[in-house]
Amino acid sequence: MKLQELLKRSFGFDSFRPLQREIMEDSLAGRDVFALLPTGGGKSLCYQLPALVRPGLTVVVSPLIALMKDQVDAMDVLGIPATCLNSSLDAGESERRWSRLERGEYRLLYVAPERLMLPGFLQDLRRRHVSLIAVDEAHCISEWGHDFRPEYRRLADVRDVLPDTPILALTATATERVRDDIIRQLRLRNPAVYVAGFNRPNLTYRVVAKHRAYEQVRDYAQARGAESGIVYCQSRKTAERLAERLSAEDIPARPYHAGLGADERNRHQELFLRDEIRVIAATVAFGMGINKPNVRFVIHYDLPKNIEGYYQETGRAGRDGLPAECLLLFGAGDTVKYAQFIEEKSDPNEQAVARRQLQEIVQYAESARCRRTELLGYFGERFQAGHCAACDNCISPRRTFDGTVPAQKFLSCVYRIRERSGFGVGLHHVVEVLTGASTEKVRRWRHEQLSTYGIGTEHTRPEWSAIGRELVRLGLLKQTTDHFSVLELTAEGWAVLKERTPVTLSRHMAPPPASATLVSSPAKRARGEPIRCDETLFERLKRLRKRLADERNVPAYIVFSDVSLRQMASDVPRDTPAFSRISGVGEKKLREFAEVFLAEITAYVEEQRTLRSVPSA
Ligand code: ADP
Ligand code: MG
Ligand code: ZN
């Protein structure tokens with residue numbers, strides 16, 4: 001059967017996502033394939049669907065038990081025979097699964113890498129005729145990745161035991177170094193390499209001045225109705241405290257961080273997956289295991305460590321392709337705190353890396369350019385338009401002002417300091433001189449005698465710092481990347497000083513007048529493919545879905561995604577053929593769920609009709 005037909009019959013989808021078909025076809029042809037698709041790009045389908053076509057067994061290596069369980073549950077509901085073997089099973093259950101494997105009853109087997117590499121395991125599997133090894137989250141094999149797992153390293157030996165079995169490596173991790181490392185470690189042979197763009201069109205990016213952070217998060221979550229979100233915090237304590245306060249104000253929330261016991265962590269994660277709580281307040285420890293497709297917002301309560309992490313964390317929003325929002329609360333205080341943090345590090349290399357990363361993320365946060373263009377640019381991708389219509393800077397461009405005078409003051413101060421002292425200084429000291437501070441360094445270097453000393457009292461110090469950083473971004477100054485981050489004039493900077501070229505600066509981000517401004521109107525979030533539907537019916541279908549999911553002891557999204565429910569609430573199918581056209585409705589789900597969903601829809605439609613026919617008094 002053709003892949004396309006099978007896609008609708010088994011998964012209920014009408015079309016492939018970008019590159020899915022190509023990846024499947026190459027892999028089915030027996031080639032090794034390396035596939036990099038962004039989060040939510042649909043990597044699982046790339047081995048799940050071909051598993052139905054291939055003779056023999058597809059073995060999927062996956063790093064977390066929670067991830068395996070989730071996928072096996074989803075396969076169950078789709079009617080695809082799949083199982084997993086991991087340390088959470090007792091001996092009896094493992095036995096049962098093995099004997100069913102012996103009988104060839106499964107199409108898919110999920111295993112943890114340490115299990116796969118147990119002596120004899122692969123040899124046993126070889127008798128089962130393994131037709132593909134799919135390595136999911138393949139970046140875990142690389143020491144250069146952020147999720148390195150030593151157990152994954154042992155996968156390097158798979159090739160020796162099963163030399164003829166093709167391998168499919170899947171990841172969402174961007175850097176080239178990790179990419180090359182995966183290919184080398186897994187010893188992929190002349191692999192077909194697929195790299196999708198990193199753009200996530202359904203995500204809206206916004207940065208707002210951090211002001212009263214807790215209230216900002218609370219108001220935001222309150223305004224988002226029943227939607228789920230993740231709030232990333234820098235410390236465990238903040239995560240705990242935030243979850244507590246939100247819960248006390250009727251926004252059910254739980255913390256997640258490495259300081260909690262495994263049981264508690266799993267419980268909180270499970271509550272979130274099952275929509276029992278709305279918000280998870282987490283440190284970066286929370287992430288990879290999260291397949292929840294309907295995370296509608298990701299907030300960064302504190303400044304993320306680096307751009308790559310920021311991209312990964314925000315990537316957990318909107319896997320289902322429906323609009324979702326990423327909000328970064330940016331406060332100058334965080335920057336200072338991090339900088340101090342970095343100074344305390346003992347390893348100078350680590351320090352240099354951290355310093356550069358901090359500079360990059362601050363640059364991102366303060367930039368007046370399109371956020372998407374900046375983010376994608378970081379991964380070496382050019383965003384065609386340079387303007388996305390779905391980030392704060394594109395939706396409401398930052399106001400600018402004629403910054404020629406402050407730029408000249410700043411630049412000449414940098415120049416005068418070097419002229420007098422014969423060495424350059426960092427941004428901080430330039431600001432001290434401009435604002436006429438009497439610090440120990442100012443006195444020691446006699447900088448109070450400079451003509452530029454104290455000429456900048458019309459701006460506050462944070463304002464001057466922002467201006468300085470913007471001059472760096474504009475290329476008028478450059479900052480050395482060594483320990484001292486010394487400022488130097490560039491040729492362009494010189495030109496501004498000598499020729500008095502006008503300079504336009506963007507307004508320093510002021511704290512929002514009221515936290516209400518944080519919540520963008522739906523029109524302003526419109527992005528991706530929002531499905532306009534009857535919200536009342538949608539809520540009702542969600543309740544039905546929750547009940548069915550609880551009966552089956554699975555998360556709601558395994559029954560149907562939000563996409564499916566929204567489509568039902570928009571198309572309002574009234575019979576089986578119409579229901580089967582809904583995205584996500586394959587053969588098995590049609591048999592199992594059509595009747596009860598159609599009944600609910602019909603009941604709703606009838607109620608509306610009676611309501612309308614009652615003459616109003
Ligand atoms: P990834 O592992 O790349 O982050 P997933 O495999 O978890 O992504 O898929 C994300 C979501 O997209 C899932 O809910 C999945 O059912 C859905 N999906 C995948 N492929 C398609 C498709 N071709 N059409 C519609 N939905 C899809
Ligand atoms: Mg995945
Ligand atoms: Zn933009």
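Scroll up for the structure.
So, here's what we can say about the structure. (Residues numbered from 1 in each chain as written. Chains lettered and ligands numbered in written order. Predicted model: local features only at pLDDT ≥ 70, side-chain atom pairs only at ≥ 80, totals over all residues. Heavy atoms only, no water.)

### Let's talk about the overall build of the protein chain
For clarity, the threshold we go by: The way it works is that DSSP assigns letters per residue, a run of H or I at least four long becomes a helix, a run of E at least two long becomes a strand, and they are numbered from the N terminus. With the radius of gyration taken over C-alpha atoms, the globule rule is written as 2.2 Å times the number of residues to the power 0.38. For every residue, the accessible area obtained with a 1.4 Å probe (protein chains only) is divided by the maximum for its type, and the residue is called buried under 20%, exposed over 50%, and partly exposed between those limits. Contacts are assigned to residue pairs with any non-hydrogen atoms lying within 4.5 Å of each other. What sets the accessible areas is the Shrake-Rupley method with a 1.4 Å probe; for residues, cover comes only from the shown protein chains.
The secondary structure content of the protein chain amounts to 29 helices and 17 strands. On C-alpha atoms alone, the protein chain measures out to a radius of gyration of 28 Å, which is about the 25 Å that the 2.2 N^0.38 rule sets for 617 residues. C-alpha atoms of the protein chain, sized along the principal axes, occupy 90 × 80 × 45 Å. A burial count over the protein chain gives 54% of its 617 residues as buried. Long-range contacts, defined as pairs at least 24 residues apart, comprise 73% of the intrachain contacts of the protein chain with a sequence gap of at least 6. Accessible area for the protein chain stands at about 27400 Å²; split by element, carbon and sulfur atoms hold 50% of it.

### Quick notes on the pattern of salt bridges
Basically, it comes down to this: In the sections that follow, a salt bridge refers to a side-chain nitrogen of Lys or Arg positioned within 4 Å of a carboxyl oxygen of Asp or Glu.
The final tally for this structure, using the stated rule, is 52 salt bridges. With a closest N to O distance of 3.0 Å, D219 and R218 form a salt bridge. Note on accessibility: D219 and R218 belong to one class, buried. The shortest N-O distance in the salt bridge between E249 and R218 comes to 3.4 Å.

### Things to note about the environment of P555
Tracing the backbone shows P555 in the loop between α25 (535-552) and α26 (556-559). Residue P555 is classed as buried on the basis of its relative accessible area of 3%. Separated by 162 residues in sequence, P555 and N393 have C-alpha atoms that sit 36 Å apart. For P555, the contacting residues outside a window of four places in its chain are D70, L273, R274 and A549.

### What about the site of ligand 1?
Stated precisely, the cut-off is as follows: Residues are labelled near a given molecule or strand when at least one of their non-hydrogen atoms is within 4 Å of it. In protein, a polar contact requires one atom able to donate a hydrogen and another able to accept it; more generally it is a pair of N or O atoms within 3.5 Å, and residues adjacent in sequence count only if both atoms are side-chain atoms. Under the convention adopted here, Pro, Cys and the residues Ala, Val, Leu, Ile, Met, Phe, Trp and Tyr are nonpolar, Asp, Glu, Lys and Arg are charged, and Gly plus all remaining residues are polar.
Every one of the 14 residues lining ligand 1 counts as a neighbour, but S15, Q20, G40, K43 and S44 are closest to it. R17 places a polar side-chain atom, nitrogen or oxygen, 3.1 Å from an oxygen atom of ligand 1. At 2.6 Å, a backbone N or O of G40 approaches an oxygen atom of ligand 1. Relative to its free-state accessible area of 560 Å², ligand 1 is covered by the protein chains to the extent of 81%. For the shell around ligand 1, the class distribution of residues is 4 nonpolar, 7 polar and 3 charged.

### Some details on the pairing of strand β4 (residues 108-111)
Consecutive residues of a regular strand have side chains that alternate between opposite faces of the sheet. Test applied: DSSP-based pairing: two strands are paired if at least 2 bridges between them are found. For a crossover, the right-handed case is the one in which the path from the first strand over the helix to the second runs clockwise, viewed with the strands pointing away from the viewer.
Burial along β4 is two-sided: L108 and Y110 facing one way and L109 and V111 facing the other are all buried. Relative to β4, strand β2 (residues 57-61) runs parallel, the two sharing 4 bridges. Bridge pairing links V59 to L109 in β4. Here strand β3 (residues 82-85) pairs with β4 via 4 bridges, running parallel. Note that in β4 the partner of T83 across the bridge is L109. On the question of chirality, the crossover connecting β3 to the parallel β4 by way of helix α5 (residues 91-102) is right-handed.

### Some details on unusual backbone geometry
Its identity is not glycine, yet R187 carries a phi of approximately 50°, on the positive side. Tracing the backbone shows R187 in the loop between α10 (176-185) and β7 (192-195). We classify R187 as partly exposed; its relative accessible area is 35%. One non-glycine residue, V572, lies in the positive phi region at around 45°. Residue placement: V572 occurs in the loop between α27 (562-571) and α28 (576-580).

### Considering the sheet that holds strand β11 (residues 279-282)
Backbone hydrogen bonds hold the strands of a sheet together, and the pairing may be parallel or antiparallel. What counts here: Fitting a line to C-alpha atoms yields each axis, with helices limited to the stretch in contact; the angle taken between N-to-C directions then spans 0 to 180 degrees.
Strand order in the open sheet made by the 6 strands is β8-β13-β12-β9-β11-β10, with parallel pairing throughout. At either end of the open sheet lies a strand with only one pairing partner, and these are β8 (203-209) and β10 (253-256). Taking the axes of each pair of neighbouring strands and ignoring which way they run, one obtains an average angle of 20° across the sheet. Examined bridge by bridge, β8 and strand β13 (residues 324-330) share 7 bridges and lie parallel to one another. Paired with V208 across the bridge in β13 is L329.

### Considerations on the coordination of the zinc ion (ligand 3)
How we decide: Think of the donor list as every N, O and S atom within 2.8 Å of the metal, or within 3.2 Å for Na, K and Ca; water never makes the list, so a site can look incomplete. A four-donor site is classed as tetrahedral when every donor-metal-donor angle falls between 85 and 135 degrees; four donors are called square planar, and six octahedral, when trans pairs exceed 155 degrees and all remaining angles lie between 65 and 115, with any other arrangement labelled irregular.
For the zinc ion (ligand 3), the full set of protein donor atoms is C370 (SG), C388 (SG), C391 (SG) and C394 (SG), at a range of 2.3 to 2.4 Å. In this structure, the zinc ion (ligand 3) is surrounded by 4 donor atoms whose angles at the metal cover 100 to 120°, and the resulting shape is tetrahedral. All donors to the zinc ion (ligand 3) come from one chain, and their sequence spacing reads C-x17-C-x2-C-x2-C. For the pair C391 and C394, one class covers both residues: buried.

### Digging into the packing of helix α11 (residues 213-223) against helix α12 (residues 236-248)
The cut-off we apply is this: An angle below 35 degrees is read as roughly parallel, one above 145 as roughly antiparallel, one from 65 to 115 as roughly perpendicular, and any other as oblique. Should the near helix be turned counterclockwise from the far one by less than a right angle, the crossing is left-handed, whereas a clockwise turn marks it as right-handed.
The geometry of α11 relative to α12 is characterised by a closest axis approach of 11 Å and an angle of 50° between their N-to-C directions. If you check the angle between α11 and α12, you find them oblique. When you trace α11 past α12, the crossing you get is right-handed. Residues Y214, E215, V217 and R218 of α11 form the contact with α12, whose own contacting residues are L242, R245 and L246. For the contact of α11 with α12, the residue count by class is 4 nonpolar, no polar and 3 charged.

### Some remarks on α5
What counts here: The span you would expect from a helix comes to 1.5 Å times its residue count less one. Our arc is simply the arc of the directions from the helix axis toward the C-beta atoms.
Relative to the 16 Å expected for 12 residues at 1.5 Å per residue, α5 spans 16 Å between its end C-alpha atoms, a close match to the ideal helical length. All buried positions along α5 are accounted for by S94, R97, W98 and L101. Viewed along the axis of α5, the buried residues span an arc of 105°, placing them on a single side of the element. Check the buried side of α5 and you find it contacts β2, β3, β4, α6 (113-116) and α7 (121-127). The residue sitting at the N-terminus of α5 and contributing the capping side-chain oxygen is D90; that oxygen lies 3.1 Å from the backbone nitrogen of G92. One or two steps after α5, the chain reaches G104, where phi turns positive at roughly 70°.

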